[in-house]
Amino acid sequence: MKYFNKLEEWLGGILFLIVFVILIAQIVARQVFDSPLIWSEELARLLFVYVGMIGIAMGIRSQQHVFIDFLTNMMSEKLRKIVFSFAQFLIFVSIMLFFHFGVRLLKGASFELVSLGISEKWLYASLPFLSLLMLVRFLQAQVENYKNNLTYFPVLFFLVASAIVIALILFNPDIFKVLRITNYVRFGSESVYIVLLIWLVIMFIGTPVGWSLFIATILYFAMTRWNVVNSASSKLVDSLNSFSLLSVPFFILTGILMNTGGITTKIFEFAKALLGHYRGGMGHVNIGASLIFSGMSGSALADAGGLGQLEIKAMRDAGYDDDMCGGITAASCIIGPLVPPSIAMIIYGVISNQSIAKLFVAGFVPGVLVTIALMIMNYYISKKRNYPRTPKASMEVLCREFKGAIWALLTPILIIVGIFSGLFTPTEAAVIAALYSIVVGKFVYKELTLQSLFKGCVEAVAITGVTVLMVMTVTFFGDMIAREQVAMKIAEVFITFADSQFMVLVMINLLLLFLGMFIDALALQFLVLPMLIPIAVHFNIDLIFFGVMTTLNMMIGILTPPMGMALFVVARVGNMPVSTVTKGVLPFLIPIFATLVLITIFPQIITFIPNLLLPG
């Protein structure tokens, strides 16, 4: 049983490493031998589908998928248990439907994966087989949930129900036709609005966002046209068969390896030698280190969790108050999703079908603007509170720290130059960044072991699983949005109240700022952008600019209660109350808001450089 419990870790980690090796071979074959591998990309995408779904199973076992809990936190203990049980039931139904659709897709697959010369059944087999693994992990999670109550009735119920449903699916593939609500009652054109309302309810009572999207879409097809649900379900797998999406786990891995390989410490010490002697120096060090680390991880929460503990300790030792330590650590972490490489930009590029290279370039200027704005506010507060300065580092110390950090500082340069020179695609750049961090961690800083490398791969798979579930279900959900032209109906509302492109941008910003208070940034990106992007197109808004603006807007959401994830992460790593971090971050929201207003009024700030460097 011990080895079975580690199945995802070994299987996911090994498959991830195989994908890693395949992509390195692809780069070497093309760049060194000028002989591209025809099969490498397709095989890497195929294996990634399996890796991503293994990550979902890991998330189910640890119950780590993104959910909204601020309403459930206000409920009584008894009511909370009821809605929790209901949410678990919906997850169970979702897994059963995953298996059902997977079996249908596997049976119906008839095309060939051309470059590999194998049936696409290998692609679609991932859904039924790994949904069974998801089911096992779901049952294990239920054992954990109910063992303290000394009742295993819910576990027994799910176990018996799953056995019956699986048998029915295998022997009667049309069993789920009973879900066709149109057999009993018809809702007509109001169906989509009823579904959206139900979706909001089940999401806000604690159902993980990814599963709530799936259940809502199933409900829509049941209320309208169940006969097309099987063809629409192919998007669950096809959405993961994306080379651009492959870059996400490798940028995540790069951030993890930078933390485990001792590189974050080198970054911090260099920033301290460079900026520590100015007024509010340790705050400047915090912001500067975040900017440098952002060039490797591309993730706000990776920055907050990775550098946060180091930054907060150093600021405390220098005499800074806890609210200042926590506030500036949380505020500076939002630089990560703006500057390249940015996981948020990659996801936006996949959703909007825009150039990820252009998005990377476009995010650099607002990233620097936010950095400068935060430093100005830090200087003002530090001067007002009369925080001490640290002694100015000598040229010898500065050179020594620069020498120690040079390998880390080269990472973003390697990524940016590789992409803009045409040597690498963004996905290949992510692979090179991960390979580079392995080499530096192992042979330069000598703190990375094979064990920590494999552990890092497993962690990257688990984190990727959260994104993968969202990609699958939001694509499926998008089918409903497209069929009902929801985006166009929202656009009509916008036209009613907005008489210019600028007013549309103001309304979108206000909408995102409001939603960001309640919905996690990753969830918000998947939920809202598929509906907002067509509106941007309708009003002739540049989609590269729109991606950067919405990313900055949604990053504000991780700093605002009650769903400010950065506040919780910083509070945890800094061992301080969330209220202290919230109090500290409030002044820093002013310069961030100012930057958002500036780029909204003058979009050319964002579009000028990418249009200059990457025209067309």
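Starting afresh in each chain, residues are numbered from 1 along the sequence in its written order. Where totals are concerned, whole chains, interfaces and linings use all residues; where local detail is concerned, this predicted model gives features only for residues with pLDDT of at least 70, and gives and counts side-chain atom pairs only at 80 or more. Only heavy atoms go into the side-chain values, all of them from the structure, while hydrogens and water stay out.

The chain has the name C4-dicarboxylate ABC transporter permease in an unreviewed UniProt entry, where Gallibacterium salpingitidis is given as its organism. On record in UniProt, under Subcellular location (unreviewed entry), the comment for the chain is "Cell inner membrane". UniProt positions are given in the numbering used here, feature names are shortened, and annotations may be inferred rather than shown by experiment. The Function (unreviewed entry) comment attached to the chain in UniProt states, word for word, "Part of the tripartite ATP-independent periplasmic (TRAP) transport system."

Undergrad: Hey, could you run me through the domain arrangement of the chain in this one?
TA: By a widely used convention, the size of an interface equals the accessible area lost when the partners come together. The domains assigned to the chain are domain 1 (4–241) and domain 2 (245–613). Boundaries of every domain are those given by an automatic assignment or by a domain database. When each unit is reduced to the centre of its C-alpha atoms, the spacing between domain 1 and domain 2 is 28 Å. In this complex, domain 1 contributes 60 residues to the contact, which on the side of domain 2 involves 47 residues. By definition, the buried area sums, over both parts, the 1.4 Å-probe accessible area that each loses when the two are put together. Considering only the side of domain 1, the residues that lose the most area to domain 2 are Phe16, Phe20 and Phe48, jointly responsible for 15% of the buried surface there. The salt bridge definition used is simple: a Lys or Arg side-chain nitrogen within 4 Å of an Asp or Glu carboxyl oxygen. Connecting domain 1 to domain 2 are one salt bridge. With a closest N to O distance of 2.7 Å, Arg30 and Glu428 form a salt bridge. N or O atoms within 3.5 Å of each other form a polar contact, as long as, within protein, one can give a hydrogen and the other can take it, and as long as residues adjacent in sequence are counted only when both atoms are side-chain atoms. Taken together, the connections running from domain 1 to domain 2 amount to five residue pairs in polar contact (both at pLDDT 80 or more). Helix and strand definitions follow DSSP, with helices as H or I runs of at least four residues and strands as E runs of at least two, each counted in order from the N terminus. At the level of secondary structure, the elements contributing two or more residues to the side of domain 1 that touches domain 2 comprise helix 2 (7–31), helix 3 (40–62), helix 8 (191–204), helix 9 (209–223), helix 10 (229–232) and helix 11 (235–238). In what follows, residue pairs with any heavy atoms lying within 4.5 Å of each other are defined as contacts.

Undergrad: What is the right way to read the layout of surface pockets from this model?
TA: Empty pockets left among the atoms are what a rolling probe the size of a water molecule brings to light. Within this scheme a cavity is a closed region of a 1 Å grid, computed over the protein atoms alone, that accommodates a 1.4 Å probe without allowing it to escape, whereas a pocket is open but has protein on both sides within 12 Å along at least five of seven lines; lining residues each have an atom within 4 Å of a point. Grid points are joined across faces, edges and corners, and a volume is the space filled by probe spheres set on the points. Roughly 450 Å³ of internal volume is contained in the second largest pocket. Residue lining of the second largest pocket: 17 residues in total, with Trp199, Ile490, Leu511, Leu515 and Met531 positioned closest to the centre. Here the element with the most residues in the lining of the second largest pocket is helix 8; it accounts for seven residues. Here the nonpolar group is Ala, Val, Leu, Ile, Met, Phe, Trp, Tyr, Cys and Pro; Asp, Glu, Lys and Arg are the charged ones; every other residue, Gly included, is treated as polar. Partitioned by chemical class, the residues of the lining of the second largest pocket number 16 nonpolar, no polar and one charged. Each of domain 1 (4–241) and domain 2 (245–613) gives at least three residues to the lining of the second largest pocket.

Undergrad: Please explain the packing of aromatic side chains as it appears in this structure.
TA: Two descriptors summarise a pair of aromatic rings, namely the distance from one centre to the other and the angle between the planes of the rings. Pairing of aromatic side chains requires ring centres within 6.5 Å, counting the rings of Phe and Tyr and the six-membered ring of Trp. Pairs whose planes differ by under 30 degrees are stacked, by over 60 edge-to-face, and all others tilted. This model, assessed by the stated rule, comprises 18 aromatic pairs. Both rings, one in Phe92 and one in Phe158, keep their centres 5.0 Å apart while their planes meet at 45°; by these two values the pair is tilted. Taken together, the residues Phe92 in helix 4 (residues 77–108) and Phe158 in helix 7 (residues 153–171) connect sequence positions 66 residues apart. For the ring pair Phe98 and Trp211, a centre distance of 5.3 Å and an interplane angle of 55° mean the geometry is tilted. Of this pair, Phe98 sits in helix 4 while Trp211 sits in helix 9, and the two are 113 residues apart along the sequence. Through successive ring pairs, a cluster of aromatic residues spans Phe98, Phe101, Trp211, Phe214, Tyr220, Phe221 and Phe476.

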